[in-house]
Amino acid sequence: MIVDYIGLAVIFIVYLCLFIIVFSPTLYAVWFYFISRQVSLKRKGLLRIALTTCCINLIVAYFLFHLAFDYFLVSKVAEKDAVAQETIVSAVASEKRFFADRGRYYPVGPVRGPYKNDRGLKVPKDVILEIVPKRNKSTGKETFDAYAVHIWGSSLLMSSHDGKVERAPKDSQQYSHINERLLKNR
């Protein structure tokens, strides 16, 4: 709980510093305008310079915002989702090897990486994995469901016995239920 508040405070301070850096020319121009109003020497056009500087800074901030969110953040989120996908693929392979040796599937987690067990399962840092063994109702055979999410990623990845990894639709009930359960235990 306190860690969340400290994290939010750090993020707020970083954004405040970025705001000051980007808008420092505007802050200086506005300060210069107000100081010129206090002294007897009047300069014409200082308000127009302050407004022009503010407009230019807004344009620069707009482009920096889109650069950060369209190029850097999206690629990082895709990298994190790829790490979660590799984890779930290796978890399915580990489950199949264990089933071939012992004839059953074993439950895992939810565990947050870094995690490693004696069955060959490796979960990288900040990936949350859960494996739930179950019985297929139609065939009566044992199977399992595997779920993985990266805490900095945006997708919940699901896989079953067949090994196909798919992203859960974000508007589904299953997505919200499983994602909440996994992230709650982090």
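What counts, and at which threshold
- Residues numbered from 1 in each chain as written.
- Predicted model: local features only at pLDDT ≥ 70, side-chain atom pairs only at ≥ 80, totals over all residues.
- Heavy atoms only, no water.
- Helix = DSSP H or I, 4+ residues; strand = E, 2+ residues; numbered from the N terminus.
- Buried < 20%, exposed > 50% of the residue type's maximum accessible area, 1.4 Å probe, protein only.
- Contact = heavy atoms within 4.5 Å.
- Areas by Shrake-Rupley, 256 points an atom, 1.4 Å probe, with all protein chains shown as cover.
- Core = buried A, V, L, I, M, F, W, Y, C linked by side-chain atoms within 4.5 Å.
- Phe/Tyr/Trp six-rings, centres within 6.5 Å; stacked < 30°, edge-to-face > 60°.

1. Describing the overall build of the protein chain
Of regular secondary structure, the protein chain possesses four helices and seven strands. When the helices and strands of the protein chain are read in sequence order from the N terminus, they spell out α-α-α-β-β-β-β-β-β-β-α. Principal-axis analysis of the C-alpha atoms places the extent of the protein chain at approximately 90 × 30 × 25 Å. In the protein chain, which comprises 186 residues, the share counted as buried stands at 28%. Of the contacts made within the protein chain by residues no fewer than 6 positions apart, 45% connect residues no fewer than 24 positions apart. Accessible surface, the protein chain: about 13000 Å² in total, of which carbon and sulfur atoms supply 64%.

2. Quick look at the nonpolar core
In terms of nonpolar packing, the biggest core is built from 18 residues, with V108, L121, V123, L129, I131 and F144 touching the most fellow members. Listed by contribution, the elements that provide at least two residues to this core are α3 (46-102), β1 (108-112), β4 (127-135) and β5 (142-150). Among the elements that take part in this core, α3 stands out by supplying five residues, more than any other. The next biggest cluster of nonpolar side chains, apart from the first, holds ten residues, and it includes I128, V149, M158 and I178.

3. Notes on the packing of aromatic side chains
By the definition in use, this model includes eight aromatic pairs. Through successive ring pairs, a cluster of aromatic residues spans Y28, W31 and F32.

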